[in-house]
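# Architecture and fold: a report
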There are 2 protein chains.
Amino acid sequence: MKIAIIGSGYVGLPLSIAFSKYYSVIAYDINQKRVKDLLKGIDSNQQHRKKEILKKKLIFTSNKNLLKDNDIYIITVPTPIKSNNQPDLNMLKQASILVGKIIKKNACIIFESTTYPGCTEEFCVPLIQKFSKLKFEKDFFVAYSPERVNPGDKANVLKNIVKIVGANDKNTLLKVKSLYKKICRSVYIVNNIKVAEGAKVIENIQRDLNIALVNELSILFNKLNIPTNEVLKAANTKWNFHYYKPGLVGGHCISVDPYYLAHQAKKKKFFPKLILSGRRLNESMGKYVAMQTVKLLKNNSLDFNKSRVAVLGFAFKDNIPDIRNTKVIQILEYLRKKNIKFDVFDSWVSKEQVKKEYKIIIKDFKYFKKNKFDAIILVVSHKLFLKKLSFYSKFYKNNNKKIFIDVKNNYSIKDLNKNNFKYFQL
Amino acid sequence: MKIAIIGSGYVGLPLSIAFSKYYSVIAYDINQKRVKDLLKGIDSNQQHRKKEILKKKLIFTSNKNLLKDNDIYIITVPTPIKSNNQPDLNMLKQASILVGKIIKKNACIIFESTTYPGCTEEFCVPLIQKFSKLKFEKDFFVAYSPERVNPGDKANVLKNIVKIVGANDKNTLLKVKSLYKKICRSVYIVNNIKVAEGAKVIENIQRDLNIALVNELSILFNKLNIPTNEVLKAANTKWNFHYYKPGLVGGHCISVDPYYLAHQAKKKKFFPKLILSGRRLNESMGKYVAMQTVKLLKNNSLDFNKSRVAVLGFAFKDNIPDIRNTKVIQILEYLRKKNIKFDVFDSWVSKEQVKKEYKIIIKDFKYFKKNKFDAIILVVSHKLFLKKLSFYSKFYKNNNKKIFIDVKNNYSIKDLNKNNFKYFQL
């Protein structure tokens, strides 16, 4: 059996590596730079090492012709949103057309890209039918098996997770099940593609909403002068409490998937108020953090035009280089609007990529020590940043006005007070 | 040391029982009928047996005079909401005044009633000061230790839980900690009353919001023709998913507490959109279930005026007699508006109480078998109701129009189809 995997990103690469232990795998990516890197054993996402990537039965390519004559096609392309928060299905469309043009009779196509329930059957399958001139569920077969990739998480990797497999016919279901059984801890089957699509999208929606709740609580408790994190820790002593922390919600999944489901809901004239109001709240948190910073500058009678703020972290998450939908940009935009100068430090992210995509200059953390600031915003808890407060204490212009924004609640209130910081915690 | 406990309900009774192992306890309740029952060893809430209730060192009384000369006062009165969803603090007020009138110097008052952060210090303490003419934190001391009673739950009872204790001064904190340490698995201390109040209220808010989310998903998936429960079960195979089920949210806690926090938020001119939009959604579910029933009656061309619906369950939760804020009433109100006759069966609840509070006649389940219906709504999963579908099949007027509303997803779709039911599942 020969497998072709479309997309060699966060989802496609680990999948390609895992399957190449058992099958010949063609890993196709449209991005030639990415393919070049992978051929050298380099994963710019820093999730896999050279030894894992360079495998005998694993071929990386941008050449469509190599995709012919495979039995299984797995589609792992990104499903982002457009600037208006509508699903951007373009890559899914291109992948469906690509597969449609090359599949032979009896091919099996598995979609792993996150999407709304109904997308595979209503959007992808018609494209494949059109370009292949083959008939769905007669000449070719489709399954949906949602990726559960969690960038930076070393425990919940492919081989340790339960993989959902959904297909409408029993044969495809069993075939795809036995395929994934080889590389995952276990496979959970559902005999309906839409159920599998739905399961994936609601996992992230639940997470988004729970973070939105603690964000709402954080804003309220701040007004009531109650330390949110102490309340959350106390509540967490209850047997059925879920400990979420307030914060910025970025990345490719949680901040995107709710819009996919909302898109499908609106087609059915249903407006998912709760889901979207959670989204709106999380989208406002970058500005909120920046506003708290500005408020502290004001309260300490610091002149905005002369102020300099250090922003520690640009990635959307701790200890990874992933900058997709990072909400740090919201903080920077607000500071810029207020004419406050800032320096952004992050040794994880690719400086070129950030410059290209966001027009922001990123500096290595080592340059932090060469400056003095009015305020420090610790946004991303990269290990490198988790220094003692006495370290940060040394890099303020004015020793009586040390403004410190501890977005992730890394420090205790006791410590912040002891170091005489003017602080804000989410 | 002598303890007086104000309120002998779901919270006060187990507390009184537990403390009476170590101390002399006066259990005071304003409800004379309740006191009379307890003196006979009867708990109408069906949470405690005679042997537990009748203890040497435990006195039940409605006589205020017996409250004098105690060292510790624990207030466990209900904190419900008014019909406009505003906190009804009247019982808390009465309890505070009562305690204020009788305490001596150095008394320690512990509040267990759920409330919003700030209520103890801003509402209760001033009343105690006024009526005692003693000074807070000088002449008397206050702690807040939120109850975590879960009616019907046999695992998470007082002795098995972690109990939060919050007080603003160290002495009170340690004193109350050592008190609860005797009767609970462990005590978690916070040196701030507001943090303890906040912790309690957000536990239930989180639960309310998570149920609201699956309710919203259920409404949407119903429109998309996707079985919600199958999606939830599949999603639950992810390591960090929380498995909540759609349903009616009643009871004294989850459907009430969010309004308490919202009340305090609005005083600070903050409108907690997310919390209240979850509340609104959950409040709409009774009507939604009734509407689905009506829709099925219509689709099966059944005449409303001649239809008869069996509603199984009236309590707010399975296998308990608790009817506080039951949302079954919303279903009944809608059916009544549509001129559809119904019978309500529930062998758990007190028929007198329901008649008095809701003007609804409740019948024992044994009378169910004497009738034939057009539709059966299984709302509450009392064990008694969890019969095979073939059992329910026998009690329909028309064997081709067996409408079954499985609110709690007790049955599989396969079974429902096999029994030829016209069904709806949340």
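Residues numbered from 1 in each chain as written. Chains lettered and ligands numbered in written order. Predicted model: local features only at pLDDT ≥ 70, side-chain atom pairs only at ≥ 80, totals over all residues.

Let us now look at the overall build of chain A. For chain A, the helix and strand inventory stands at 15 helices and 14 strands. In terms of C-alpha radius of gyration, chain A reaches 24 Å, essentially the compact-globule figure of 22 Å for 426 residues. Expressed along its principal axes, the backbone C-alpha trace of chain A runs to roughly 75 × 45 × 40 Å. Counting across all 426 residues of chain A, residues that qualify as buried make up 51%. Long-range pairs, those at least 24 residues apart, make up 72% of the contacts in chain A with a sequence separation of at least 6. (Helix = DSSP H or I, 4+ residues; strand = E, 2+ residues; numbered from the N terminus. Rg over C-alpha atoms; globule rule 2.2 N^0.38 Å. Buried ≥ 20, exposed ≤ 12 C-beta atoms within 10 Å, placed from the backbone. Contact = placed C-beta atoms within 7 Å.)

A pair of packed helices can be characterised by two numbers: the angle between their axes and the separation between those axes. Residues and elements named next belong to chain B. Orientation of helix 4 (residues 90–102) relative to helix 5 (residues 119–132), taken along the N-to-C sense of each, is 35°, at an axis distance of 7 Å. Considering the relative orientation of helix 4 and helix 5, their crossing is right-handed. Residue-level inspection shows Leu-92, Lys-93, Ser-96, Ile-97, Val-99, Gly-100 and Lys-101 of helix 4 in contact with helix 5, the latter providing Cys-124, Leu-127, Ile-128, Lys-130, Phe-131 and Ser-132. Classifying every residue of the contact of helix 4 with helix 5 gives 7 nonpolar, 3 polar and 3 charged. (Axes fitted to C-alpha atoms, helices over the stretch in contact; angles between N-to-C directions. Left-handed = near helix turned anticlockwise from the far one by under 90°. Nonpolar A, V, L, I, M, F, W, Y, C, P; charged D, E, K, R; others polar.)

Further remarks concern the sheet that holds strand 5 (residues 108–111) of chain B. Residues and elements named next belong to chain B. Taken in spatial order, the 8 strands line up as 3-2-1-4-5-6-7-8 in an open sheet, and their pairing is mixed. Of all the strands in the sheet, just strand 3 (58–61) and strand 8 (186–190) have a single pairing partner and so form its edges. With strand direction ignored, the average angle separating the axes of adjacent strands in the sheet is 25°. One ladder, built from 5 bridges, connects strand 1 (residues 2–6) with strand 2 (residues 24–28); its direction is parallel. Counted as the bridge partner of Lys-2 is Ser-24 from strand 2. (Pairing = 2+ DSSP bridges.)

Along helix 10 (residues 273–283) of chain A, the positions that sit buried rather than exposed are A:Leu274, A:Ile275, A:Gly278, A:Arg279, A:Leu281 and A:Asn282. Down the axis of helix 10 of chain A, the buried side of the element spans an arc of 165°, and every buried residue falls inside it. (Arc of directions from axis to C-beta.)

Attention shifts here to the domain arrangement of chain A. Residue and element names in this part refer to chain A. What the domain assignment reports for chain A is domain 1 (2–192), domain 2 (201–281) and domain 3 (284–425). The distance between the C-alpha centroids of domain 1 and domain 3 comes to 38 Å. Residues of the side of domain 1 that touches domain 3, tallied by class, amount to 1 nonpolar, 4 polar and no charged. (Domains from an automatic or database assignment.)

Turning our attention to the relation of the copies chain A and chain B. Note on the copies: chain A fits chain B at an RMSD of 0.0 Å, the axial shift is 0.0 Å, and the rotation between them is 180°. In short, the pair behaves as if placed about a two-fold rotation axis. Residue A:Leu274, judged by its C-alpha, is the member of chain A lying nearest the rotation axis, at 3.4 Å. (Least-squares fit on C-alpha atoms with pLDDT ≥ 70 in both.)

Residues and elements named next belong to chain B. With respect to topology, 6 strands assemble into an open sheet ordered 11-10-9-12-13-14, the strand pairing being parallel. Of all the strands in the sheet, the pair left with one neighbour each is strand 11 (362–363) and strand 14 (421–425). The pairing of strand 9 (residues 308–312) with strand 10 (residues 341–345) spans 5 bridges and is parallel. Counterpart to Ala-310 in the pairing with strand 10 is Asp-343. The strands that helix 12 (residues 328–337) touches are strand 9, strand 10 and strand 12 (375–378); relative to strand 9, the one it contacts most, it runs at about 175°.

What follows deals with the interface of chain A and chain B. At the junction of the two partners, chain A supplies 48 residues and chain B supplies 47 residues. Of all the elements in the fold, those that place two or more residues in the side of chain A that touches chain B are strand 7 (162–167), strand 8 (186–190), helix 7 (193–223), helix 8 (228–235), helix 9 (257–267) and helix 10 of chain A. The biggest single contributor to the side of chain A that touches chain B is helix 7 of chain A, with 17 residues. When grouped by side-chain class, the residues that make up the side of chain A that touches chain B number 30 nonpolar, 9 polar and 9 charged.

Moving on, we come to the pairing of strand 4 (residues 72–75) of chain A. All names here are of chain A. Here strand 4 shows a buried face lined by Ile-72 and Ile-74 and a second buried face lined by Tyr-73 and Ile-75. Pairing of strand 1 (residues 2–6) with strand 4, which is carried by 4 bridges, proceeds in the parallel orientation. If you follow Ala-4 over to strand 4, its bridge partner there is Tyr-73. Summarising the sheet, strand 4 and strand 5 (residues 107–111) pair through 4 bridges and their orientation is parallel. Across the sheet, Ile-74 pairs through a bridge with Ile-110, a residue of strand 5.

A separate point is the packing of helix 7 of chain A against helix 9 of chain A. All names here are of chain A. Between helix 7 and helix 9, whose axes approach to 8 Å, the crossing angle comes to 115°. Viewed along their axes, helix 7 and helix 9 form a crossing whose handedness is left-handed. From helix 7, Val-201, Asn-204, Ile-205 and Asp-208 reach across to helix 9, where they touch Asp-257, Pro-258, Tyr-260 and Leu-261. In the contact of helix 7 with helix 9, the residues fall into 5 nonpolar, 1 polar and 2 charged.

Right, let's talk about the environment of A:Phe385 for a bit. With respect to the helices, strands and loops of the structure, A:Phe385 is situated in the loop between strand 12 (375–378) and helix 14 (389–393). Classification of A:Phe385 as buried rests on a count of 22 C-beta atoms within 10 Å.

Bringing the confidence of the model for chain A into the picture now. Predicted confidence across chain A gives a mean pLDDT of 96, with 100% of residues reaching 70 or more. For this predicted complex, the interface score ipTM comes out at 0.95, alongside a pTM of 0.96. (pLDDT = per-residue confidence, 0-100.)

Every α-helix winds through 3.6 residues per turn, so residues three or four apart in the chain are directed the same way. Buried residues dominate helix 1 (residues 12–19) of chain A, accounting for 8 of its 8 residues. Buried residues along helix 1 of chain A sit against strand 1, strand 2 (24–28), helix 3 (50–53), strand 3 (58–61) and strand 4 of chain A.

Bringing the environment of B:Ala196 into the picture now. With respect to the element layout, B:Ala196 can be found in helix 7 (residues 193–224). For the pair B:Ala196 and B:Pro117, spaced 79 residues apart in sequence, the C-alpha separation works out to 7.8 Å.

Further remarks concern unusual backbone geometry. The phi torsion at A:Asn325 lies on the positive side, around 50°, for a residue other than glycine. Along the chain, the position of A:Asn325 falls in the loop between strand 9 (308–312) and helix 12 (328–337). In this structure A:Asn325 comes out as partly exposed when scored by C-beta crowding, with 18 C-beta atoms within 10 Å. Even without glycine at this site, B:Asn106 takes up a positive phi of about 75°. Its place among the elements puts B:Asn106 in the loop between helix 4 and strand 5. Judged by the 11 C-beta atoms lying within 10 Å of it, B:Asn106 falls in the exposed class.

Residues and elements named next belong to chain B. The alternating pattern of strand 5 places Cys-108 and Ile-110 on one face and Ile-109 and Phe-111 on the opposite face, and all of these are buried. At this point the chain moves from strand 4 (residues 72–75), through helix 4, to the parallel strand 5, and the crossover so formed is right-handed. Of the pairings in the sheet, the one linking strand 5 to strand 6 (residues 141–144) comprises 4 bridges and is parallel in character. Within strand 6, the residue paired with Ile-109 across the bridge is Val-142. (Right-handed = clockwise from strand over helix to strand, strands pointing away.)

Position of B:Thr61 relative to the elements: it lies in strand 3. With residues up to four places along the chain from it excluded, the contact list for B:Thr61 reads B:Ile26, B:Tyr28, B:Val35 and B:Leu66.

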